[in-house]
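# Descriptive analysis of the structure
Here is what each chain is made of, one letter per residue.
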Amino acid sequence: SKAALDALEAGANPNAVYNKWSALLLAVNFNQEEIVSKLIERKANINFETDGWTPIMLAEELKLDKISQILRNAGATKGRAMLIGNKPKPAKSPR
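Note that this is a predicted model, so its numbers are computed, not measured.

### Some remarks on the overall build of the protein chain
Each helix and strand in the protein chain was counted, giving 6 helices and 2 strands. The burial tally for the protein chain puts 39% of its 95 residues in the buried class. Partitioning the intrachain contacts of the protein chain with sequence separation of at least 6 by distance along the chain shows that 67% fall at a separation of at least 24. For the protein chain, the exposed area adds up to about 5,800 Å²; of that, 52% sits on carbon and sulfur atoms.

### Things to note about the environment of Ser-37
Relative to the elements of secondary structure, Ser-37 occurs in helix α3 (residues 33-41). Sequence-wise, Ser-37 and Leu-24 are 13 residues apart; in three dimensions their C-alpha atoms are separated by 9.2 Å.

### Focus on the nonpolar core
Counting residues in each nonpolar core, the largest one holds 24 residues, and the members touching the most others are Leu-24, Val-28, Val-36, Leu-39, Ile-67 and Leu-71. For this core, the elements supplying multiple residues, two or more each, are α1 (2-9), α2 (23-29), α3, α4 (55-61) and α5 (65-73). Broken down by element, the residue count for this core peaks at 5 residues, all from α2. Setting aside its immediate chain neighbours within four residues, Leu-71 contacts Leu-24, Val-28, Val-36, Ile-40, Pro-55, Ile-56, Ala-59 and Ala-76.

### Thoughts on unusual backbone geometry
Even without a glycine there, the phi angle at Asn-31 is positive, about 55°. Tracing the chain through its elements places Asn-31 in the loop between α2 and α3. Despite not being glycine, Asp-51 shows a phi value in the positive range, around 50°. Here Asp-51 lies in the loop between α3 and α4. Looking at Asp-51, the relative accessible area reads 49%, which means it is partly exposed.

### Topic: the packing of α1 against α3
Closest axis-to-axis distance for the α1/α3 pair is 10 Å, and the angle between their directions is 10°. Between α1 and α3, the interaxial angle falls into the category roughly parallel. Residues Ala-4, Leu-5, Leu-8 and Glu-9 of α1 form the contact with α3, whose participating residues are Glu-34, Ile-35, Lys-38 and Leu-39. Class assignment for the residues of the contact of α1 with α3 results in 5 nonpolar, no polar and 3 charged.

### As for α3
Listing the buried residues of α3 in full gives Ile-35, Val-36, Lys-38, Leu-39 and Ile-40. Looking at the buried residues of α3, the elements they touch are α1, α2 and α5. Looking one or two residues past α3, Lys-43 carries a phi angle of roughly 75°, positive in sign.

Each value, and the rule that gives it
Residues numbered from 1 in each chain as written. Predicted model: local features only at pLDDT ≥ 70, side-chain atom pairs only at ≥ 80, totals over all residues. Heavy atoms only, no water. Helix = DSSP H or I, 4+ residues; strand = E, 2+ residues; numbered from the N terminus. Buried < 20%, exposed > 50% of the residue type's maximum accessible area, 1.4 Å probe, protein only. Contact = heavy atoms within 4.5 Å. Areas by Shrake-Rupley, 256 points an atom, 1.4 Å probe, with all protein chains shown as cover. Core = buried A, V, L, I, M, F, W, Y, C linked by side-chain atoms within 4.5 Å. Axes fitted to C-alpha atoms, helices over the stretch in contact; angles between N-to-C directions. Parallel < 35°, antiparallel > 145°, perpendicular 65-115°, else oblique. Nonpolar A, V, L, I, M, F, W, Y, C, P; charged D, E, K, R; others polar.

What follows is the structure, encoded as C-alpha cells:
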C-alpha cells in the first residue's frame, strides 16, 4: 500500500514485527510485490523465521512466483524445517 511505502521512505523499521510476523512476511502474505522489494532494499531480514516459515517458503507455498524470484535474487533461504525435510504446518496470518 502507499501508506506502507511512505512509511518506509520516512524511515520506518523494515524489520518491524506484528504478532510474530515480520513486515516482510506480511508483505509476502498479502502479495505486495512492491513492498517486498522496498523492504529488501531497506535491509529487511530476508530469512526471518516464524513458526518454521521464512518469506521464501511462504511465497512458494502461495505460488507467488514473482515474489519468490525477488527473494531468491536477494539471497533468501529456506528455514530449518525444510533443511531437515519437514514442511511446517501452514502459518496462520494475522489477517
